[in-house]
Amino acid sequence: MAEAVGASRGPAAGRPSEPVTVVGGGLAGCEAALQLAHRGREVRLVEMRPVQGTPAHQTEGLGELVCTNSFKSEDTSNAHGALKVEMELLGSVLLASARVARVPAGAALAVDRAIFSRAMTEAVETHPRIQVVREEVTRLPDGPAVIATGPLTSDALSTSIREALGGEGLAFFDAIAPIVERESLDESVVFAQGRWGQDADYLNCPMSEEEYDGFIDALASADVHQSHYDWDAVPYFEGCLPIEVMVARGRETLRFGPMKPIGLQDPRTGERPHAVVQLRREDRAGQMWNLVGFQTRLRIGEQKRVFRMIPGLADAEFLRFGSIHRNSYLNFPAHLTAHGSLRDRPDLIFAGQLTGVEGYTESAASGILAGLNLHRILDGLDPVLPPPTTMLGALYRYMREADPEHFQPMNSNWGLVDPLQKRIRNKREKRERLGERAGRDFRAWMEREGVTGRVGASEPGEPGAPWSGAGGAAAPSPRGDQEPEHPHAPAPVPTAP
Ligand SMILES: Cc1cc2nc3c(=O)[nH]c(=O)nc-3n(C[C@H](O)[C@H](O)[C@H](O)COP(=O)(O)OP(=O)(O)OC[C@H]3O[C@@H](n4cnc5c(N)ncnc54)[C@H](O)[C@@H]3O)c2cc1C
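Once a new chain begins, its residue numbering starts again from 1 and follows that chain's sequence as written. Confidence filtering applies because this is a predicted model: local features only for residues at pLDDT of at least 70, side-chain atom pairs given and counted only at 80 or more, and all residues used for totals across whole chains, interfaces and linings.

J.: What exactly am I supposed to notice about the overall build of the protein chain here?
T.: The way it works is that DSSP assigns letters per residue, a run of H or I at least four long becomes a helix, a run of E at least two long becomes a strand, and they are numbered from the N terminus. Helices and strands together make up the secondary structure of the protein chain, namely twelve helices and 17 strands. Labels follow a simple rule on C-beta atoms placed from the backbone: if 20 or more others lie within 10 Å of a residue's own, it is buried; if 12 or fewer, it is exposed; otherwise it is partly exposed. A total of 497 residues make up the protein chain; the buried ones form 52% of that total. A residue pair is marked as a contact if its C-beta atoms, positioned from the backbone, fall within 7 Å. Taking all contacts inside the protein chain whose residues are at least 6 apart in sequence as the whole, residues at least 24 apart take part in 75%.

J.: Hey, could you run me through the environment of Glu-432 in this one?
T.: Tracing the sequence through the fold places Glu-432 in helix 12 (residues 427-449). Glu-432 gets classed as partly exposed once you count the C-beta atoms within 10 Å, which come to 16. Taking the C-alpha atoms as reference, Glu-432 lies 7.1 Å from Thr-76; in sequence the two are 356 residues apart.

J.: Just to check I follow, could you spell out the packing of helix 2 (residues 79-90) against helix 12 for this structure?
T.: How two helices pack is summed up by the angle between their axes together with the distance between the axes. To get an axis, a line is fitted to the C-alpha atoms, and for a helix only the part in contact is used. The angle between two axes follows their N-to-C directions and goes from 0 to 180 degrees. Between helix 2 and helix 12, the shortest axis-to-axis distance is 9 Å and the interhelical angle comes to 20°. The angle between helix 2 and helix 12 places the two elements in the roughly parallel class. The element helix 2 and its partner helix 12 pack so that their crossing is right-handed. Of the residues in helix 12, those in contact with Gly-81, Ala-82, Val-85, Glu-86 and Leu-89 of helix 2 are Gly-435, Ala-438, Gly-439, Phe-442, Arg-443 and Met-446. Per-class residue counts for the contact of helix 2 with helix 12 are six nonpolar, three polar and two charged. Working definition: roughly parallel below 35 degrees, roughly antiparallel above 145 degrees, roughly perpendicular at 65 to 115 degrees, and oblique for all remaining angles. Take the far helix as the reference: if the near one is turned anticlockwise from it by less than a right angle, the crossing is left-handed, and if turned clockwise, right-handed. The residue classification treats Ala, Val, Leu, Ile, Met, Phe, Trp, Tyr, Cys and Pro as nonpolar and Asp, Glu, Lys and Arg as charged. All others, Gly included, are polar.

J.: What is the right way to look at the nonpolar core in this model?
T.: A general feature of soluble globular proteins is that nonpolar side chains tend to end up buried together. We call a set of buried Ala, Val, Leu, Ile, Met, Phe, Trp, Tyr and Cys residues a nonpolar core when their C-beta atoms link them within 7 Å. If you look at the biggest cluster of nonpolar residues, it comprises 88 residues, and the most contacted ones within it are Ala-33, Val-146 and Leu-395. The element best represented in this core is helix 10 (residues 360-378), accounting for ten residues. Leaving out residues up to four positions away in the same chain, Leu-395 has contacts with Val-357, Glu-362, Met-410, Ser-412 and Leu-416. Of all hydrophobic cores here, the second largest spans 38 residues; its members include Leu-219, Leu-291, Phe-318 and Phe-321.

J.: Looking at this structure, how should I read helix 8 (residues 300-307)?
T.: Each turn of an α-helix holds 3.6 residues, which means side chains three or four residues apart point in the same direction. Listing the buried residues of helix 8 in full gives Ile-300, Glu-302, Gln-303, Val-306 and Phe-307. Angularly, the buried residues of helix 8 cover 155° about the axis, an arc narrow enough to put them on a single face. Of the surrounding secondary structure, the elements contacted by the buried residues of helix 8 are helix 6 (209-221) and strand 13 (288-291). When we speak of the arc, we mean the arc of directions from the helix axis to the C-beta atoms.

J.: Just to check I follow, could you spell out the environment of His-335 for this structure?
T.: By the secondary structure assignment, His-335 is in helix 9 (residues 332-335). In this structure, the C-alpha to C-alpha distance between His-335 and Ala-164, residues 171 residues apart in sequence, is 9.8 Å. Among all residues touching His-335, those that are not within four sequence positions of it are Leu-165, Gly-169 and Leu-330.

J.: Sorry if this is basic, but what is going on with the site of the ligand here?
T.: Nearness here is judged by the C-beta atom: place it from the backbone, and if it falls within 6 Å of a molecule or strand, the residue counts as near that partner. By nearness alone, 36 residues border the ligand, and Gly-24, Gly-26, Cys-67, Gly-150 and Gly-352 come closest of all. For the shell around the ligand, the secondary-structure elements that each account for two or more residues are helix 1 (27-38), strand 2 (43-47) and helix 10. Ranked by the residues each element gives to the shell around the ligand, the list is headed by helix 1, at three residues. A class-by-class count of the residues in the shell around the ligand yields 16 nonpolar, 16 polar and four charged.

J.: What's the story with the sheet that holds strand 3 (residues 70-73) in this structure? I'm lost.
T.: Two strands in a sheet stick together by hydrogen bonds in their backbones, pointing the same way (parallel) or opposite ways (antiparallel). Taken in spatial order, the three strands make up an open sheet running 3-5-4, and their pairing is antiparallel. Strands with a single pairing partner mark the edges of an open sheet, and in this sheet they are strand 3 and strand 4 (102-103). Each pair of strands is called paired provided DSSP finds at least two bridges between the two strands. Relative to strand 5 (residues 108-111), strand 4 runs antiparallel, the two being bridged by two bridges. Looking across to strand 5, one finds that Arg-102 is bridged to Val-111.

This is how it looks when you write it as structure tokens:
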């Protein structure tokens, strides 16, 4: 049986000749369209550029990369590398195009963005079962569809989505706090306690007056990520100001805000600390902990430097960095089914960044799954999701099980997947095992569910085949631990000497 998808049987067997709609010709939309087309569906892909632009896209090409040209690591012991293995098994057009457009970038998979977008466009436009239409979609389609309009979904469609969700559930920007790995915390400093003796659901990092002063000085002088996009000039809500903005308002602002120590007692001293940084659990297994109220636009290097000054976090491993930027995304756990559709429309599936996954490859991978599942639903089959020991399965588990009150977009990271049954202390070895298990379990899941991979085309080179012209998969590079350029990216994986 599929991983916790629930009984969301779709309409009776769809007729392959009836076109299905894919809205958005970005990374997720291209993947979804090709999955559907390769599986025999007629597809109408609707992309609004160049008729209407977005604040970030600059061309009319499909699959345009709006920022960095890197898809990060191909090392399978890296969470991003593991996701690529899974995407490859399902026949990703992003990976095939990336290999055509590859530029040297050490161990990372980086591309010439113009060649990449051309390859994506060609793969879609030359497919005989895909019709590309250039117009803005202003309301949710009535028929079967994948909605992959991304973080910069047009206003009219955003309004239609909000209406379908009962007027809520669509956020317009991220205010993201960093997440650290539990195993990397100094347990002799950090203590579990709730305020005023409430349930000990939080971990607390206590600070003396001297430590607080040093921390505020470091924060006040740290470098902030500079952006050239207009959408970054968002008016902040008072409730989620970036910490650097709070510090600029006064040295004590944080101590009366997210770092307030009231109701807490440090078990080592029996006293109330001068200030406290609280960590809130992100996942059921307790592997991922969020720095409460620490949404920030500090540069990634600065986040590492300054946040490791927090007592108990000196060796913190960051699973996600803080960031704030324009980003439309749905409150997946509150409003969508496990496979990402509206609750009363199993054949209207959201994909890409709009669902609350974060990042190029994550968006593309969710497009693959959306295309695959829409095809299954139209065939009268249940949708399927990979198990949570795989990266894609773990991402979907996060989205359906996250706390709807605090739901924030998520990138691939090892904190999302089930822990290994046997604890391994060596980090490099642990991640290698996690990577091996993810690949193995993904293959087993495909076989169990009868999910075919490079679908529809029997020979490489068929027009529109995901790998056409790609020359096959490149061997994974040994390491891909470069400084991430996107603020939501996970930290590089340290390797053993
Ligand atoms: C400015 C910016 C920079 C980013 N930088 C990075 C980065 O460096 N690294 C990273 O991993 N992730 C980055 N992301 C996050 C994310 O990975 C990318 O946005 C990614 O492109 C998302 O893929 P997608 O397919 O969901 O959306 P997109 O790739 O944005 O595709 C959506 C498509 O839908 C179209 N569209 C929108 N509304 C409509 C409509 N109503 N009708 C028809 N078409 C419509 C758009 O024109 C677009 O082509 C960034 C996001 C933004 C906004």
